[in-house]
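# A structural walkthrough
The lines below spell out each chain.
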Amino acid sequence: MKAEHYLKEELYNLIAGDPLIFEFIQEGSLDGIWYWDLENPDQEWMSPRFWTVLGYDPDTKAHDPIEWQNIINRDDLSIALSNFEKHLADPNHPYDQIVRYTHRDGSTVWIRCRGMAIRDDNGKPLRMLGAHQDLTLLKESEKELSKNRSLLEETARIAKIGGWEYYPGENKFYWTDEVYRIKEFDRDCNISFEMTLNTYHPDYRQDFQYAVEQAISENMPFNLDLRMITARGNERWVETIGRPIIENGKTIGCRGTIQDITEKKKTQEENERLTAQVHHASKMDALGQISSGIAHDFNNILTGIMSAANLLKIKGNDFDDKCKSYVDLILHASDNAAKLINKMMSFSRKEEEVTKIMDFNSLINETLEILEKSIDKKITLATNLTDKKTWIKGNNVSLENMIMNLCINASHAMPDGGRIEISTAYYFVDDLYCRTSSFELIPGNYIQLKITDEGEGIAAENLTKIFEPFFTTKEPGKGTGLGLAAVFGIIKAHHGAIMVHSEKGAGSEFEILLPLSDSSEKPEQSHHTVKSGEGTILLVDDEFINRITGKDILESLGYTVILAENGAVSINVFKEMSDRIDLVLMDVSMPEMDGIEALKLMRTRKPDLKAIVTTGHAESDKMNRLKEIGFFIYIKKPFGLSEISHKVFNMLNQ
């Protein structure tokens, strides 16, 4: 048996021989000791330190167990007495517990109470020696720490942010609880670097791995937005921040945070999408302004050309067949140019169009009859039209052009043949859809038109450009770039919307929404004959060629014509000859005084004035101003002989 150290023996002798030594030890290392006579249980010596810790004067306290039992927590007393009985019965059962006492000032004092039974040779307990240790400061610190920990955990949960550490030497990854929640892993998982790496989407794993390696080898911090697949297969976006762990000048690992930013990412993407839509809409508006200006000037020029050609046709009886064919060529070329300008005017979305109620399915079928004769025979046209009522209000020529443009584009995307499907269905647009759309929609029932092809598709970088005028991916000479721009303008003018779904090599689908109407109004009948008449007409136009050719055409129809080169001149002429003038044929856009102001002044002089407005671009605001002063009939430039003859005849004879 190993001999006792002499210093220990010396200390024991000092304690036995000098009470001051004992006092020093118990004061310096404990917060009170006690010694209990188990044979006389009402006798228990409590050191003064025990009472002063609890705020009491030791001189006022008797050495009786009832003194401390009166101020101990009742639940804790039961635990202490239970442990006391078990320790007396079994020396191996520890008498060791933390109990609460009530301080003299009413506060709680946490005490660790330990004891040991002093037994006789037979093991019978005779005395009980115990010691107290004040743990109040420790308990308060633990409580504060627990509170802070709870706050930190709750904050992490609210912010969806967790912490992690990685030690490459151990291949150990440590996650906080929130990381487990974000990644949807069970807490008992054995986390490794490979396992952590595999939680990220394959496209982002290399980014994370490289960032961690650089942090450890080069002490480089990182901040990454990464796409992640959780243990349950859910896709999320997280922001991962990492910093090297440095101890004693050596990098031993990497630690950082991970935050779930899925909702933030969705909001960001939605904001970017809406911002792009706003920018796109603004750009389209600006281009529309340019297009409308060009369209107005071109139509004025074409009016003179077509009118001159019509006059040649009327008066060219002595022309040989070749000359007559040249006149027809001029009219045909002018008509094609007019159609091209109409596309630009449709794109501008400020065009005042004649609208009527029509059966949209019938319009589709009529348009497809024309298409079948004009597109490649390798292209199959298929329809899947709803059997419900498809009445809409619109301009049939514009809508027919819209369908033709989309289908022809689809056929061009399938040079080796394929299938184009045209389908219609009912579609309800709710308030949320309207508020998030870049189009000016109102809630209600719409007809949904889908035109789907099996062609080469549209590259992602071109999807936002395809509706811009003059943008085309076709080879030079094979497209003007105005087709889809016109489609866009037509749909906007009809208070609808258009969406494109396409991938390169996977075909395209154009989805169009047009508002339904329950009206049963009948369509107007078109005219192809020339109508003659009589009467005096004041023709007002600032273009010289339009005045000259217009005068000759009207005179060939039997009318007397008076000319004026602008609104101001027309007022002076009207003042002198208003009694003779039966009809005013007035251009809208002119210098010095426009046609609207001139007609307004004429109406004050002659309230029953009859007038037809001519315009190269029937802008909605101008047409509304004309309606406000009582003029509802207009004719668009360039116009044909049949159209102008019927408009004039009907106005004079109504």
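Residues numbered from 1 in each chain as written. Predicted model: local features only at pLDDT ≥ 70, side-chain atom pairs only at ≥ 80, totals over all residues. Heavy atoms only, no water.

For the rest of this paragraph, the subject is the pattern of salt bridges. Counted according to the given criterion, the structure contains 17 salt bridges. One salt bridge in this structure joins Glu235 and Arg227, with 3.0 Å as the shortest N-O distance. According to the relative accessible area criterion, Glu235 is partly exposed, its value standing at 43%. With a shortest N-O distance of 3.9 Å, Lys266 and Glu263 are connected by a salt bridge. On the criterion of helical spacing, the pair formed by Lys266 and Glu263 is a turn pair, its members being three residues apart in helix H10 (residues 262–315). It is possible to trace a salt-bridge network through shared partners that takes in Asp37, Glu39 and Arg127. (Salt bridge = Lys/Arg side-chain N within 4 Å of Asp/Glu carboxyl O. Buried < 20%, exposed > 50% of the residue type's maximum accessible area, 1.4 Å probe, protein only. Helix = DSSP H or I, 4+ residues; strand = E, 2+ residues; numbered from the N terminus.)

The description of an aromatic ring pair rests on the distance of the ring centres and on the angle between the ring planes. Per the counting criterion, the structure on display carries 21 aromatic pairs. Between Tyr166 and Phe173 the ring centres are 5.0 Å apart and the planes differ by 20°, which places this aromatic pair in the stacked class. You'll find Tyr166 and Phe173 in the same group, each marked buried. One residue, Lys265, lies across the ring of Trp237, its end atom 4.6 Å from the ring centre. The ring of Phe649 carries Lys531 above its face, with NZ or CZ at 4.9 Å from the centroid. (Phe/Tyr/Trp six-rings, centres within 6.5 Å; stacked < 30°, edge-to-face > 60°. Lys NZ or Arg CZ within 6 Å of the ring centre and 35° of its normal.)

Of all the residues in helix H18 (residues 595–605), the buried ones are Gly595, Ile596, Ala598, Leu599 and Met602. The buried residues of H18 occupy an angular sector of 160° when projected down its axis, which confines them to one face. Where H18 starts, the residue carrying a side-chain oxygen 3.3 Å from the main-chain nitrogen of Ile596 turns out to be Asp594. (Arc of directions from axis to C-beta. Polar contact = N/O pair within 3.5 Å; in protein donor to acceptor, adjacent residues only side chain to side chain.)

In this structure, Phe360, Met402, Ile422 and Ile498 are the most contacted members of the largest nonpolar core, which totals 43 residues. The dominant element in this core, judged by the number of residues it contributes, is helix H13 (residues 396–412), at seven residues. Apart from residues lying up to four places away in sequence, Ile422 is in contact with Ile364, Leu368, Leu381, Ala382, Thr383, Asn384, Leu385, Cys407, Leu449, Lys450 and Ile451. Val540, Ile571, Met590 and Tyr634 belong to the second-largest nonpolar core, a separate cluster that totals 25 residues. (Core = buried A, V, L, I, M, F, W, Y, C linked by side-chain atoms within 4.5 Å. Contact = heavy atoms within 4.5 Å.)

Overall, antiparallel pairing links the five strands, which are arranged E7-E6-E10-E9-E8 in an open sheet. The open sheet is flanked by strand E7 (172–175) and strand E8 (222–229), the only strands paired with a single partner. Within this sheet the neighbouring strands show an average axis-to-axis angle of 25°, counted without direction. By the bridge criterion, 10 bridges tie strand E9 (residues 235–247) to strand E10 (residues 250–260) in an arrangement that is antiparallel. Note that in E10 the partner of Ile241 across the bridge is Thr257. Docked against the sheet, helix H9 (residues 202–218) engages strand E6 (161–167), E7, E8, E9 and E10, running at close to 145° with respect to E8. (Pairing = 2+ DSSP bridges. Axes fitted to C-alpha atoms, helices over the stretch in contact; angles between N-to-C directions.)

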